[in-house]
Amino acid sequence: MATLDQCRAALDRLAQNLSSADGSVRQAATFDRSLSCRITDLDVTFLGRLADGTIQEVTNVPGPPPQKADIRLSMAGDDLVALVDGELNFAKAWGSGRVKLEAGLRDLLRLRTLL
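Residues numbered from 1 in each chain as written. Predicted model: local features only at pLDDT ≥ 70, side-chain atom pairs only at ≥ 80, totals over all residues. Heavy atoms only, no water.

### Considerations on the packing of aromatic side chains
Then, in step 1: Counted by the stated rule, this structure contains one aromatic pair.
Then, in step 2: Ring centres of Phe90 and Trp94 lie 6.3 Å apart, and the angle between their planes is 20°; this geometry places the pair in the stacked category. Residue Phe90 and its partner Trp94 are located together in helix H4 (residues 90-96), separated by four residues, close to a single helical turn.
Then, in step 3: Exposure remark for Phe90: the relative accessible area of 12% places this residue in the buried category. (Phe/Tyr/Trp six-rings, centres within 6.5 Å; stacked < 30°, edge-to-face > 60°. Helix = DSSP H or I, 4+ residues; strand = E, 2+ residues; numbered from the N terminus. Buried < 20%, exposed > 50% of the residue type's maximum accessible area, 1.4 Å probe, protein only.)

### What to know about the sheet that holds strand S2 (residues 44-51)
Then, in step 1: With mixed pairing, the five strands of this open sheet are ordered in space as S3-S2-S1-S4-S5. Pairing within the sheet leaves two strands with one partner each, and these edge strands are strand S3 (54-62) and strand S5 (100-102). Averaged over all neighbouring strand pairs, the angle between strand axes comes to 15°, with direction disregarded.
Then, in step 2: Sheet topology places strand S1 (residues 33-39) next to S2; seven bridges connect them, and they run antiparallel. From the neighbouring strand, Arg33 faces S2, where its bridge partner is Leu50.
Then, in step 3: Lying over the sheet, helix H3 (residues 77-84) contacts S1 and strand S4 (71-75), oriented at roughly 110° with respect to S4. (Pairing = 2+ DSSP bridges. Axes fitted to C-alpha atoms, helices over the stretch in contact; angles between N-to-C directions. Contact = heavy atoms within 4.5 Å.)

### Looking at the nonpolar core
Then, in step 1: Core analysis: the biggest nonpolar cluster contains 30 residues, and Ile39, Phe46, Ile71, Leu73, Met75 and Leu80 have the highest contact counts within it.
Then, in step 2: When contributions to this core are tallied by element, the ones reaching two or more residues are helix H1 (4-20), S1, S2, S3, S4, H3 and H4.
Then, in step 3: For Leu73, the contacting residues outside a window of four places in its chain are Leu35, Ser36, Cys37, Arg38, Phe90, Val99, Lys100 and Leu101. (Core = buried A, V, L, I, M, F, W, Y, C linked by side-chain atoms within 4.5 Å.)

### Comments concerning the pairing of S3
Then, in step 1: By the bridge criterion, seven bridges tie S2 to S3 in an arrangement that is antiparallel. When the bridges of S3 are listed, Val44 appears paired with Pro62.

As C-alpha coordinates, this is what we get:
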(Lines give C-alpha, C1' and ligand atoms only; values in the text may rest on other atoms or scores of the structure.)
Protein backbone atom coordinates (compact mmCIF):
# COMPACT_ATOMS: atom_id res chain seq x y z
CA MET A 1 0.00 0.00 0.00
CA ALA A 2 1.38 3.41 -1.00
CA THR A 3 2.01 5.86 1.82
CA LEU A 4 0.74 9.42 2.08
CA ASP A 5 4.24 10.69 1.21
CA GLN A 6 4.41 8.45 -1.87
CA CYS A 7 1.03 9.72 -3.07
CA ARG A 8 2.09 13.34 -2.53
CA ALA A 9 5.33 12.67 -4.43
CA ALA A 10 3.32 11.12 -7.29
CA LEU A 11 1.13 14.24 -7.51
CA ASP A 12 4.26 16.41 -7.48
CA ARG A 13 5.70 14.33 -10.36
CA LEU A 14 2.42 14.68 -12.25
CA ALA A 15 2.52 18.45 -11.79
CA GLN A 16 6.14 18.47 -13.03
CA ASN A 17 5.20 16.35 -16.05
CA LEU A 18 2.34 18.70 -16.94
CA SER A 19 4.48 21.83 -16.60
CA SER A 20 7.19 20.41 -18.87
CA ALA A 21 4.78 19.05 -21.52
CA ASP A 22 4.33 20.71 -24.87
CA GLY A 23 1.88 20.69 -27.75
CA SER A 24 -1.67 19.49 -27.21
CA VAL A 25 -0.96 18.13 -23.72
CA ARG A 26 0.30 21.52 -22.54
CA GLN A 27 -2.66 23.28 -24.15
CA ALA A 28 -5.16 20.88 -22.53
CA ALA A 29 -3.68 21.55 -19.09
CA THR A 30 -3.98 25.33 -19.31
CA PHE A 31 -7.57 25.59 -18.15
CA ASP A 32 -8.39 26.60 -14.57
CA ARG A 33 -10.35 24.02 -12.57
CA SER A 34 -10.52 22.86 -8.96
CA LEU A 35 -9.28 19.30 -8.49
CA SER A 36 -9.70 16.63 -5.84
CA CYS A 37 -8.02 13.25 -5.70
CA ARG A 38 -9.42 10.90 -3.07
CA ILE A 39 -7.08 8.13 -2.00
CA THR A 40 -9.52 5.52 -0.79
CA ASP A 41 -7.20 3.16 1.07
CA LEU A 42 -5.60 6.02 3.04
CA ASP A 43 -8.90 7.84 3.66
CA VAL A 44 -7.38 11.14 2.54
CA THR A 45 -8.18 13.63 -0.23
CA PHE A 46 -5.68 15.83 -2.04
CA LEU A 47 -7.09 19.19 -3.14
CA GLY A 48 -5.61 21.61 -5.65
CA ARG A 49 -6.09 23.55 -8.87
CA LEU A 50 -5.31 22.54 -12.41
CA ALA A 51 -4.13 25.89 -13.81
CA ASP A 52 -1.43 27.36 -16.03
CA GLY A 53 -0.41 23.91 -17.21
CA THR A 54 0.25 22.37 -13.80
CA ILE A 55 -1.33 21.31 -10.52
CA GLN A 56 -1.10 24.11 -7.94
CA GLU A 57 -1.91 24.71 -4.28
CA VAL A 58 -1.95 21.02 -3.36
CA THR A 59 -3.08 20.26 0.18
CA ASN A 60 -4.53 17.18 1.80
CA VAL A 61 -7.42 16.66 4.19
CA PRO A 62 -8.56 13.55 6.02
CA GLY A 63 -11.61 11.77 4.69
CA PRO A 64 -13.74 12.77 1.71
CA PRO A 65 -13.37 16.17 0.04
CA PRO A 66 -14.97 19.00 2.01
CA GLN A 67 -16.48 20.52 -1.15
CA LYS A 68 -17.21 19.34 -4.69
CA ALA A 69 -14.30 20.05 -7.05
CA ASP A 70 -14.73 20.62 -10.80
CA ILE A 71 -12.62 17.51 -11.49
CA ARG A 72 -12.87 14.61 -9.04
CA LEU A 73 -10.65 11.53 -9.02
CA SER A 74 -10.85 8.57 -6.66
CA MET A 75 -8.47 5.59 -6.48
CA ALA A 76 -6.17 3.56 -4.25
CA GLY A 77 -2.74 5.00 -3.48
CA ASP A 78 -0.93 2.24 -5.37
CA ASP A 79 -3.00 3.04 -8.47
CA LEU A 80 -2.09 6.75 -8.28
CA VAL A 81 1.61 5.91 -8.08
CA ALA A 82 1.32 3.37 -10.92
CA LEU A 83 -0.58 5.85 -13.14
CA VAL A 84 2.01 8.59 -12.69
CA ASP A 85 4.89 6.12 -13.18
CA GLY A 86 3.31 4.92 -16.45
CA GLU A 87 2.75 1.41 -15.14
CA LEU A 88 -1.07 1.61 -15.24
CA ASN A 89 -3.07 2.65 -18.28
CA PHE A 90 -5.65 5.26 -17.32
CA ALA A 91 -8.32 4.12 -19.80
CA LYS A 92 -8.11 0.50 -18.64
CA ALA A 93 -8.10 1.49 -14.96
CA TRP A 94 -11.08 3.79 -15.50
CA GLY A 95 -12.95 1.19 -17.52
CA SER A 96 -12.42 -1.46 -14.85
CA GLY A 97 -13.48 0.86 -12.02
CA ARG A 98 -10.08 1.02 -10.34
CA VAL A 99 -10.01 4.76 -11.04
CA LYS A 100 -13.09 6.94 -10.85
CA LEU A 101 -13.26 10.28 -12.66
CA GLU A 102 -16.12 12.75 -12.38
CA ALA A 103 -16.19 16.03 -14.28
CA GLY A 104 -18.38 18.03 -16.62
CA LEU A 105 -18.54 16.97 -20.26
CA ARG A 106 -16.42 19.89 -21.46
CA ASP A 107 -13.74 19.10 -18.86
CA LEU A 108 -13.80 15.40 -19.77
CA LEU A 109 -13.20 16.23 -23.42
CA ARG A 110 -10.19 18.38 -22.53
CA LEU A 111 -8.86 15.85 -20.02
CA ARG A 112 -8.77 13.01 -22.55
CA THR A 113 -5.60 14.61 -23.99
CA LEU A 114 -3.95 14.58 -20.58
CA LEU A 115 -4.98 11.07 -19.63
